[in-house]
Amino acid sequence: MDKGQNLRVAVIGAGPRGVSVLDRLLARYLEMPGEDRPALQVCMVDPFNPGPGHVWRTSQSRQFLMNTPCLFPTVVPAGRTATEFAPSATGLSLGDWVRRMAREPAPSLSAGDREEIARLGPAEFPSRALYGRYLEWTYAHLVDAAAQAGAAVVHYRAEALALHRQGTGFTVELAGEDPLAADAVVLAVGHLPAALTPEQNRLSDAASRLGLQYLPPAVPSDADFSVLPAGEPMLVRGLGLNFFDIMAHVTLGRGGVFVPTGEPAGHALRYEPSGREPVLVAASRRGTPYRAKAKLESYVPRSVTLRWFTEETAGRFAEEGIQPGFDHDLWPLLHRDSVWAYYSTLARTNPQCLNVPAGDFLAELETALSLPGPEWDAAKEDVLARCVPPARRTSMEALAQPLGRRPFAGPEDLDAEILRYLEDDAAGSAKGEDDPLKMAIGALNAGRSVLKAVVADGGLAEESWLTELRGWFEPLVEGLASGPPPERIEQLAALVRAGLVHFVGPDPRFDVDEARAVFTASSPWVTGEYAASTLVEAMMPPNRVNATLSPLLGDLLHRGEARPKVMMAPNGTPVLTPGLDVSLPPYRPLDVKGQPQENLYILGLQLSSVQWGTAIAAEAGAPASAGSRTLRDADDIAAAILSRGNSFPREQDSGETARRGTAAVRAGA
């Protein structure tokens, strides 16, 4: 590449994934011989502050917590992962950054940041605002490193509305700004607004007609929870992470206090209300909240080692030219590991409950689990029937349906059962590595990283992807392994005891009673129904490209320059999937004719039809092929852009464009 060559890259979306792209571009750029480096300009396009972007804004409430511990996330190669990549200009994961800030606080830290950092250990769950501060710091240091290397990073505080092809590059249409010319474009747009479903539209329309309140799916920091009525019941659909955000906002956020009782986990808190709380009536498909994370000093329990579902065993299918199915080929391996994690922990922590010596039991169980083919499951059940009392056994069916698919006499009966579930879950989290159920879940969580590597890029049969992996396993493992910090379950139990939270039951139905002008919620498993004038959807907007309200993505789809990926169901029916149809890495969108778009790249959530678990952050220290796959994808994109740099035309007046971009930043600051 000629030294005089100009290369302008537009990264649309300056949140975590956009920062990863910037980091990898700079790392690859610095590895190039000086005489081969182009005059590089990276244009970060985002209406929000670069680094935190939309979701991780530093101004949001500290009551909104991450669901991963401090030691887990990173946006740059850190720890062992760093050996697989060109060096990062920062090299700090969130945990590394917190430790540095505790020693050497940056001037940009607020008083709240400093207070949180002072009490934040590696296994603690930080606020989203603090994670946003880490992203902001990382971005600022990358900008400084780029300037020292002779490259420029310019932030355009504007929404990208459309892309127009200009030769081999693009013109990016910006809201309220002059168009931006770019040789290559990376779409790292993250969470996008989405159209309501027909049912949600029906409920929203009814709210408008009847004077009710309906809050649609939203990023929690975008929602106005101040409108939620004090002292009145309100219906909440969803018992995942957004539910806990709402719960914290209307209790802690309104002056309520959780007081330690001195009792064991599960009963460790009582709630003192402020009198300004609503009464939450919550519902989900399973009827119960996501299970809490265990209290651990590592992301995957140290006592859990995958023995059957390893990268080697799971990867053999591809080596032998076989496209595996999840239920037939992969799940039996991971299921074995989960079973072993549960019962080996039980034997270690409570050997007296077994009918035989713990060593004999584990030897028999290992033999059964090591049998090839389907024989292992029956052999395992025989061992458990002889060695483990029924009250000490578990099963995937029990984990998937914690309420047992049984009828309840009424709301009080259901609330009492879910309170027992919450108390047991909080107690199990407190035991950490000594709780059999949490270790079984830990094995499933460890298996997710292997799965991400194995099923990516066509590594799983399409019908299996649709009906098995995404059909039943994803909801199961999310409810078990993607739950809130343990304190949230402890708090929820206290609120149930205080009479401020009730539950609808499994398989809920939400409706509108026009005569009474109220929303209603009921379950086929529980007699009676709840009614309220407020209904909140406790969920994010769905990541479905065919439902997006993004002008940029919508325009690409409308003009046929991108398309959703279609897979074939087992009956041969084509099914529209949530993600874009893309090439093999580095991912480029395919147009309506199936041709990859030159110099246009995709990173993140819109890859959900070729990758699994795209919403999970890169894991500090994890292999690039698995837990840090996002970093590898960003690195592949950076390598492709820089290697093709000498095919881009020379910019006639790059200096003027750079000055115009800087002015745009200042005007929008």
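Residues numbered from 1 in each chain as written. Predicted model: local features only at pLDDT ≥ 70, side-chain atom pairs only at ≥ 80, totals over all residues. Heavy atoms only, no water.

Peer 1: Please explain helix 2 (residues 94–103) as it appears in this structure.
Peer 2: In an α-helix, one full turn covers 3.6 residues, which means residues spaced three or four apart are oriented alike. Looking at helix 2, one finds that the buried residues are L94, G95, W97, V98 and M101. The buried residues of helix 2 occupy one face: seen down the axis, they fall within an arc of 160 degrees. On the buried face of helix 2, the contacting elements are strand 3 (73–74), helix 3 (111–119) and helix 4 (128–148). (Buried < 20%, exposed > 50% of the residue type's maximum accessible area, 1.4 Å probe, protein only. Helix = DSSP H or I, 4+ residues; strand = E, 2+ residues; numbered from the N terminus. Arc of directions from axis to C-beta. Contact = heavy atoms within 4.5 Å.)

Peer 1: Explain the pattern of salt bridges here, please?
Peer 2: Side chains bearing opposite charge may pair, as long as their charged atoms lie close to each other. Under the counting rule described, the total for this entry stands at 37 salt bridges. Linking R516 and E529 is a salt bridge whose minimum nitrogen-to-oxygen distance equals 2.7 Å. You can see R516 sitting in the loop between strand 15 (509–513) and strand 16 (518–523) and its partner E529 sitting in strand 17 (residues 526–532), a full 13 residues away along the chain. Taking relative accessible area as the criterion, R516 reaches 46% and is therefore assigned partly exposed. The partner of D555 in a salt bridge is R559, with the nearest N and O atoms 2.5 Å apart. A residue is classified by how much of its surface remains accessible, and D555, at 19% relative accessible area, is buried. Salt bridges sharing common partners tie together R62, D113, E116, R133 and E136. (Salt bridge = Lys/Arg side-chain N within 4 Å of Asp/Glu carboxyl O.)

Peer 1: Quick question: what am I supposed to make of the side chain of T90 here?
Peer 2: The topology assignment puts T90 in the loop between strand 3 and helix 2. Residue classification places T90 among the buried positions, given a relative accessible area of 14%. Setting aside anything within four residues of it in sequence, one finds T90 in contact with V76, W137, T138, H141 and L142.

Peer 1: It is not clear to me how the pairing of strand 2 (residues 39–45) should be interpreted in this structure. Could you clarify?
Peer 2: A regular strand places its side chains on the two faces of the sheet in alternate fashion. Most of strand 2 is tucked away, with six of its seven residues classed as buried. Alignment of strand 1 (residues 6–12) against strand 2, held across seven bridges, turns out to be parallel. Across the sheet, A10 pairs through a bridge with C43, a residue of strand 2. Crossover connection from strand 1 via helix 1 (residues 16–31) to parallel strand 2: handedness right-handed. (Pairing = 2+ DSSP bridges. Right-handed = clockwise from strand over helix to strand, strands pointing away.)

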